[in-house]
Each structure stands twice: as C-alpha cells, then as structure tokens.
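Structure assessment
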Amino acid sequence: MRGNHSDHFIRWMVIAISVLFGCGKDIPSSKTAKNFWYQDYRKSDQEIQEILEKRLNDGFQFSCEDHFKLVRYVEANHVLKGQIDVFKRLETAANKVLKKGRLPTPYFSKGVGDFRFLMDDGNHLVSVPAIDIGYVQFKSAHFNMNPFNSESSFCESVEQLSKDMKRDFEKRHYYDDTIRSSLAPLILKSIFRYFVTGLDPHSYFIELGEKFFIDQHLSRKLQRDLDDNMYIQNFSQTYSIVDSNAFPSLEFEGGNENDGVGLFWSSASNVIYTRIDRFSEKTADTFKELYEKNVQHNGCPSALILDLRTNSGGSTFEAHELLELFLTQGPTIVLSIKPENGSIQYMPSSTASAYFATSGNEIPGIQNLPIVILVSRASASSAEIFADALQVHGKAILVGERTYGKAVGQFHDFMVQDLPAPFSINSTSILNLTTFYAYSPAGYSWQKVGAIPDIEVQQDEDFVFDVSKDERETFWPHALEAPSAVKFNGCLEQVYCAPWFPVWKMHLSQQFSQRRFSLAALMKAIPKITVTH
C-alpha cells in the first residue's frame, strides 16, 4: 500500500496474510522468499549451485547506507513505531555481538562435490547444496566500538572496528582475504540482526542461505540461539491419536498433510474428530470437503471435536476462512495497525470488513452442532485466533491448557530487495517484522495471557511432557505487552451461547473435575451428554 487510499490498504492487507500472521502497511509487490526458493529449486542441480554461489554472500556488499535504509524501514513499520530509540538499541545490539565473540551473520563458501544428501532425524530425505557455513569468531576482549549518536559516527565506529579486526586476523593468519576484506559488511549485518531481534521475539533478519537450511529442516547446522529469536522447545510431546489400538472407535476418514487437516469418525459415539495441525493455504477447503463427505456417508454427527493442541499457527486469513464455515455473522478477527498518520485503525471497521463473517458461507447445520475445541500451551497465533473467536461467539467449549499467548502478527519473510522505495537495497537478505496486534472479537488482547479454556486441565494424558520451563510467550523477556482493550465497530456487546452450551459445559466440568484430560475419556463422555441433552 502506498499513500492513504483505504481500498488499496484493505486489498493489500488481505493479500499479505501468510504463514505466521502476515500483513501490514507497506506490502512488497514481488514474491516472497519462500516462493523464490520454490522457483529456483525447480532448476537443475548445476543451476542451483550457480544460483547459491552468486547470491549467498551478497552481504559482502552490504554498506552502512544499506544498514540505515533498513533501520528506517523498521522504525516506520514495526508495531513499536514511535517508541524505538534507534541508537540506544543499536548500541545494545553492537555490545551483544562483541560480548559473544562471534558475528552471528554466517558467510558461505563452496564445499566439496555437487550435492549432499542427508537424512534429517531419520524422517526426511533432504538435499543440501555443497555449501559450507562459516562464522567469524574472535576474542571479545580485544575489541570495542567507539561511542556513536548519529548515523555518521555509527558508520565510522563500525569501519574502525573492522580495521582493528582485520589487522588482528592478519597477524594471527585467521580467515582468507575475502573474509578479512568483508568484515565491515558482516559486522553491519550482525548488528542489524540483533537490532531487529531485540524488538520482540518474532521479528528477525536472516540470510537467504539460512532460510534454505531452515526450510530443509536443517536449522541445527546453523549456529543460532535465543538472540536470533530461534524458538527452542524444551518439551517433547508424544501424540497418541495415531495409535489405533488406543482409540479403536476412531476411523480415519481422510486428511491432507499439506493442509494440516486430518478427520476421524467414531461410529460408537457418532462424533467427528478433526486434527488441525496448522492453518495453511487450503485448510478451510480441506476441512469442508472432509466434513461434508463424512456427513454424506455417516449422517449428521452428534458433536464435533476440533483438536488444536499441536497447532502453532499459520495463515491468519485461513483461520478467518475456517471461522466463516461456523459463523453466520459478526467479526472473526480484529487487527490494529498504525498507518502513516500515526492513528490506530482497526479491522474490521466501517471501512474495512475483511474479517467479518458473512451469512451464507457457513456449512449448513454446523452452527447448531455442539463443538469442543482442544487446546494446549503449544496452541499459538492463528490457532488462538480461531479458538478464541468460536469461544466468544458462544459456539464452542474450550478444553485444555491456557494457550501460548501470541497476539501479534508479522510479514512473512520478505527479501529486502523487494521492499518499497526508498527502503529497497540490492540484497537477498530476509526481513520479518511484527507489524500489528490481534484482538479477540470481544475487544481484548490475549498477548502474553493466552486463551483461557472454559475447562482448564493440568494434565493431558495424550501427551508426554518433559517440562523445564513454562514456554509460552512470557518465556521471552522482550515479548511485547498486551495492548489495552478496545471498542470498535462490530464489537460483540453480548455473547450468544447456543442452548446446548451450559449443559455440555456442566457435564464436561464434572467429567474432568480432577483436571486430568484424555481424548478417550472425552469420547466416552459425549454419548452420555448427548442423551442428557
């Protein structure tokens, strides 16, 4: 979106939604980094190798002018706009780099052979170009940066630091001439990386080569840590629904791994159970197709269970599309953004109704069906949007743990060469920024709080947790605070609960009064509730 035309703004906001939330004010017009890789990796192995060798080290040409173009873009577009003390945060980022004794921005060099084929954790066969990943290591006590309070003094300080490092490395015979002559660009990128990641846990700045390794499930080959906003999950979970012996009454009716949907039917209790592991491009279409196919074969179900316990998010727009299948009217998602004039705007509003349920899109009869949504601490982002919306509309009972607590959204992996003028630079580095807050249709934010289940449990017997920390959004010390509750056009003034709601909530509360949950117990309880109801 350029300028202040509301129609352009709305159109680009909707188009820009992508895998972890993804919308904002200035939407790059060309393809995302993800699509870029898809395009290039349809080429031959030799062409891929040539592409990588030409592009992976583009950081060697990264100038201080490039650095501040991106700093100004972040300053103008991050959700903290107007609250970012640029030079103080740059100083913090530079000190972090020097303290670690390592430039976190990797460089890449040609390896041996044409291609390597590796097994990732024994599950995925992945192809890795013969590219070696390197990092500049140094003794942190040897170096410091001169104080700076302007763009020019910052650039001078970086240049002096790079000269000091180069002299030291030449004496010690560290690194080749290419790396030694490229220290200033690598330092600049490293400081900018920590400048971005220090704003919140979900913003980041990475190299195209890093993106490739991450997409290939090989992030362990990268030297990354929490300062890179790399999410480290300290608990393991074993999901038992795939064990047919544990749940003999569940019959697999179909699913699509790419769309994150799997649907099961219980002939014993006439319940449809659906796992939604993520919100991808066709999740809503896949669910609708599977649900209607099941109804056609097995008749109308007595209840529907939606399992979001392993759903860490995905496309916000797809969460809205799925909500449209359940709701006849009212807001589904509320976003707040700050356009160029600095005033807060909300979607939906009187001028932006992109996230408002429209009568006629819902699946016939599903709006009167008892629905139970299963959530856990791992349910995050778009999963929280979906669960919260059905909860506040009075259409579903939430059972499980308090959710992750992420109510902020981002662009998804845009190459900085695709940013709008005057911010674009000649680089294939990738920038992801938190650009908006999400609100419940009731007007509150669950940021750092999470969606609160109607029936909260302490132990989920379907999972095995090795818990060392309570890893929700509050795990991150620099997580953004929840904004104040708001009133906006279309806000829910009163929640309408379906007639079945209080009866089901009472019986389920009794069933899980010991705060222990299992899907097997829920499947046994539903026929009793149905008879009572």
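See the structure printed just above.
Presented here is an overview of the structure given in this document. Since the model is a prediction, treat every value here as computed from it, not as a measurement. (Residues numbered from 1 in each chain as written. Predicted model: local features only at pLDDT ≥ 70, side-chain atom pairs only at ≥ 80, totals over all residues. Heavy atoms only, no water.)

With that settled, the discussion passes to unusual backbone geometry. Ala421 connects to Pro422 through a cis peptide bond whose omega is 5°. Within the element layout of this structure, Pro422 appears in the loop between β13 (414-415) and β14 (430-432). Although it is not a glycine, Tyr175 sits at a positive phi angle of roughly 65°. When you line up the elements, Tyr175 lands in the loop between α6 (151-172) and α7 (177-180). Notably, Lys448 is not glycine yet its phi reads approximately 65°, a positive angle. Turning to its location among the elements, Lys448 is positioned in the loop between β15 (434-439) and β16 (455-456). (Helix = DSSP H or I, 4+ residues; strand = E, 2+ residues; numbered from the N terminus.)

On to α6. Residues that lie three or four places apart on an α-helix share one face, since the helix turns once every 3.6 residues. When the terminal C-alpha atoms of α6 are compared, their 32 Å separation across 22 residues agrees well with the 32 Å that a helix rising 1.5 Å per residue should span. Residues of α6 that are buried: Ser153, Phe154, Ser157, Val158, Leu161, Ser162, Met165, Asp168 and Phe169. For α6, the elements touching its buried residues are α4 (64-77), α5 (86-100), α7 and α8 (183-197). Positioned one or two residues after α6, His173 has a phi angle of 60°, which is positive. (Expected span 1.5 Å × (residues − 1). Buried < 20%, exposed > 50% of the residue type's maximum accessible area, 1.4 Å probe, protein only. Contact = heavy atoms within 4.5 Å.)

This next bit is on the pairing of strand β4 (residues 250-256). As judged from the six bridges shared by β4 and strand β5 (residues 261-266), these two strands associate in the antiparallel manner. Looking at β5, one finds that Gly255 is bridged to Gly262. (Pairing = 2+ DSSP bridges.)

Take the state of the cysteines next. In total, this model carries one disulfide according to the counting rule given. Through a disulfide, Cys64 is tied to Cys155; the S-S separation comes to 2.0 Å. The chirality of the disulfide connecting Cys64 with Cys155 is left-handed, given an S-S dihedral of about -90°. Of this pair, Cys64 sits in helix α4 while Cys155 sits in helix α6; the two residues are 91 residues apart in sequence, bridging distant segments of the chain. Residue Cys64 is classed as buried on the basis of its relative accessible area, which comes to 14%. (Disulfide = S-S within 2.5 Å.)

With that settled, consider the pattern of salt bridges. In total, this model carries 18 salt bridges according to the counting rule given. The salt bridge involving Glu207 is made with Lys189; its shortest N-O contact spans 2.8 Å. With Glu207 in the loop between β3 (204-206) and α9 (208-215) and Lys189 in helix α8, the pair connects residues that are 18 residues apart, well separated along the chain. Residue classification places Glu207 among the buried residues on the basis of a relative accessible area of 2%. Lys189 sits in the buried class, given a relative accessible area of 0%. Among the ionic pairs, Arg193 bridges to Asp228, the shortest N-O distance being 3.1 Å. Of this pair, Arg193 sits in helix α8 while Asp228 sits in the loop between α9 and β4; the two residues are 35 residues apart in sequence, bridging distant segments of the chain. What makes Asp228 buried here is its relative accessible area of 2%. (Salt bridge = Lys/Arg side-chain N within 4 Å of Asp/Glu carboxyl O.)

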